[in-house]
Amino acid sequence: MISNNKEIQNAFLLFIDIQSFINTNKLENEFDEFQSLAVSAGLSVKDKLIHSQKIPLINTFISKGKLDLIKNTLKDKDIELVVINHKLSATQTRNLEKFFNKRVIDKTELILDIFASRASSYIGKLQVELAQLKHLSTRLVRGWTHLERQKGGIGLRGPGETQLETDRRLIGKRIKMLNLRLLKCHKQKKINRYSRKKSRNKLVALVGYTNVGKTTLFNKLTDSFQLAENKLFATLDSVTRKNNNPKYGPILFSDTVGFISDLPTQLIESFKATLDELKSADLLLHVVDLSDPDYKAKINEVNDILIDLNLINIPQIIVNNKIDLINATKMKILKNKKNDQIFISAYNQNEFSELKTKINNELFNGTYSGWISMENNLGNIRSILFDMGCIVEERFSKCGKMLANINIGNEELNKFIEIQGFELCKDEDIILESNII
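Presented here is an overview of the structure given in this document. Keep in mind the model is a prediction, meaning the values are calculated, not measured.

### Remarks on the overall build of the chain
Looking only at helices and strands, one finds 15 helices and 15 strands in the chain. A total of 437 residues make up the chain; the buried ones form 49% of that total. A separation of at least 24 residues holds for 71% of the contacts in the chain among residues at least 6 apart in sequence. When the accessible surface of the chain is split by element, carbon and sulfur atoms take 50% of a total near 22,800 Å².

Structure, rendered in structure tokens:
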């Protein structure tokens, strides 16, 4: 991991394009994303090198000629860390560190460090530690040869346990304990999800590539003040809040961690409890940064991850964000091509009527706004409507019936209309003559 010291570390970025790695979703600005990761981790980029080679070498990953060139470059510069944009094996990392006489980390360790610095909730910290330990456990090979075997005093000498075995055992115990704690958190979240379903609230999860503006949109939809920064992985812990406008139905919005290309597998496994939040979603808002030249590849990357997580079957709305950064002519062409998608600027807009209408149509088959009447024995139905946040105003008619002005989804309304004593109130005179509660 990167040092936790407050001092900024000087880094050398090594971006290697391996021609044998076929990637259908190859990003046009892949190096820019890699550099943004380094900056997000708090590194000071002193120098960089973009290098192309056919295949990676088993021992060092990098070709011999380039190794010598990089070593000479590092010799005269105050650089503490070399960061490589691929996943390295433990052997490759160790060989490179010996050759350069510098710390070497790969893309996985870089992402893990960013996650460690951003985790704020209890469950987020557990997940990050678990991911770090799983990664560390693969890098213990021959790491303690200087200690050979542990030895005791007279009568205790013997083959004993190597330091390597001790570390593996301790890491294994810690991983087991973290898994148990996460399992407990997972069960609690399951209870919370059941409670939400019982209250008939619909859950809409915001998903998308990192730094596309999910948190900014989330804040506007829920009147929240979650930290939104122009940085990769500014959001790490998922947050759920209620819709700020009851007119648009009983909806909960969930802001989730952004995805990225080549997301480390141990992160996906460790963040199971967070990603399970997506599995209970009724609808996904797939937020896209339309100003990004790589937005098409990133849409495919997110969908690939959703397929891996078995989430692709959840209904999805594509929300094209940051349209304020696109010129009017291009915008007109894009809207004609993608007339079934939503176009917004989460930063500049305050009302998202088109987006909210589309969400309501998906979740509730449209909404009803108007008056209903209920018999006095339907107090439990009145309570359910309050829990759902549907009731805007209440009155009593002269004949003693409960009247309520509600905003509700058509599907939910149809279920209530089947209940005897619950009906739409179309007589305006009855409403005007009724007593306000």
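There's more to say after this.
### Brief notes about the sheet that holds strand S4 (residues 103–105)
Strands sit in the order S2-S1-S3-S4 across an open sheet of 4 strands; the sheet is parallel. Of all the strands in the sheet, just strand S2 (44–53) and S4 have a single pairing partner and so form its edges. Neighbour to neighbour, the strand axes of the sheet diverge by 20° on average, direction disregarded. The pairing of strand S3 (residues 81–84) with S4 spans 3 bridges and is classified as parallel. Each bridged residue has a counterpart across the sheet, and for valine 82 the counterpart in S4 is valine 104. Along the sheet, helix H2 (residues 64–75) makes contact with strand S1 (10–18), S2 and S3, crossing S1 at roughly 165°. The strands touched by helix H3 (residues 90–100) within the sheet are S3 and S4, with S4 carrying the most contacts at an inclination of about 145°.

### Some details on the packing of helix H1 (residues 30–40) against helix H4 (residues 107–118)
Relative to each other, H1 and H4 sit at 40°, their axes nearing to 9 Å. Taken together, the axes of H1 and H4 lie oblique to each other. With respect to the hand of their crossing, H1 and H4 are arranged in left-handed fashion. Residues Glu33, Phe34, Leu37, Ala38 and Ser40 of H1 form the contact with H4, whose own contacting residues are Lys107, Leu110, Ile111, Ile114 and Arg118. Across the contact of H1 with H4, the residue classes break down as 6 nonpolar, 1 polar and 3 charged.

### Some points on the pairing of strand S12 (residues 391–396)
Where S12 lies against strand S13 (residues 402–409), 5 bridges are found, and the strand directions are antiparallel. Residue isoleucine 391 lies in a different strand from S13, and its bridge partner there is isoleucine 406.

### Considerations on the sheet that holds strand S7 (residues 251–255)
The pairing of strands in a sheet comes from backbone hydrogen bonds and takes either a parallel or an antiparallel form. If you trace the 6 strands from one edge of the open sheet to the other, you get S6-S7-S5-S8-S9-S10, paired in mixed fashion. Of all the strands in the sheet, the pair left with one neighbour each is strand S6 (239–242) and strand S10 (342–343). With 6 bridges joining them, strand S8 (residues 283–289) and strand S9 (residues 316–321) adopt parallel strand pairing. Within S9, the residue paired with valine 287 across the bridge is valine 319. On the sheet, helix H10 (residues 295–308) packs against strand S5 (202–208), S8 and S9 and is oriented at approximately 150° with respect to S8.

### Observations regarding the side chain of glutamine 92
Tracing the backbone shows glutamine 92 in helix H3. A relative accessible area of 9% places glutamine 92 in the buried class. Of the polar contacts made by the side chain of glutamine 92, one reaches the backbone oxygen of leucine 57; its length is 3.2 Å. In contact with glutamine 92, other than residues within four places in its own chain, are Leu57, Ile58, Asn59, Thr60 and Phe61.

### Examining the nonpolar core
The biggest cluster of nonpolar side chains holds 65 residues, and the ones touching the most others in it are Val83, Leu217, Phe253, Leu285 and Ile359. Residues within four places of leucine 217 in sequence aside, it is in contact with Leu206, Val287, Val319, Ile344, Ala346, Phe352 and Leu355. Judged by nonpolar contacts, the second largest core, of 17 residues, contains Leu14, Phe61, Ile62 and Leu74.

### Quick word on the packing of H4 against helix H5 (residues 122–137)
Close contact between H4 and H5 brings their axes to 10 Å; oriented N to C, the two are set at 155°. For the element pair H4 / H5, the angle class is roughly antiparallel. Judged by the sense of rotation from one axis to the other, the crossing of H4 with H5 is left-handed. Here Thr108, Glu109, Leu112, Phe115 and Ala116 of H4 lie close against H5, whose contacting residues are Val128, Ala131, Gln132 and His135. Tallied by class, the residues present in the contact of H4 with H5 amount to 5 nonpolar, 3 polar and 1 charged.

Calculation rules
Residues numbered from 1 in each chain as written. Predicted model: local features only at pLDDT ≥ 70, side-chain atom pairs only at ≥ 80, totals over all residues. Heavy atoms only, no water. Helix = DSSP H or I, 4+ residues; strand = E, 2+ residues; numbered from the N terminus. Buried < 20%, exposed > 50% of the residue type's maximum accessible area, 1.4 Å probe, protein only. Contact = heavy atoms within 4.5 Å. Areas by Shrake-Rupley, 256 points an atom, 1.4 Å probe, with all protein chains shown as cover. Pairing = 2+ DSSP bridges. Axes fitted to C-alpha atoms, helices over the stretch in contact; angles between N-to-C directions. Parallel < 35°, antiparallel > 145°, perpendicular 65-115°, else oblique. Left-handed = near helix turned anticlockwise from the far one by under 90°. Nonpolar A, V, L, I, M, F, W, Y, C, P; charged D, E, K, R; others polar. Polar contact = N/O pair within 3.5 Å; in protein donor to acceptor, adjacent residues only side chain to side chain. Core = buried A, V, L, I, M, F, W, Y, C linked by side-chain atoms within 4.5 Å.

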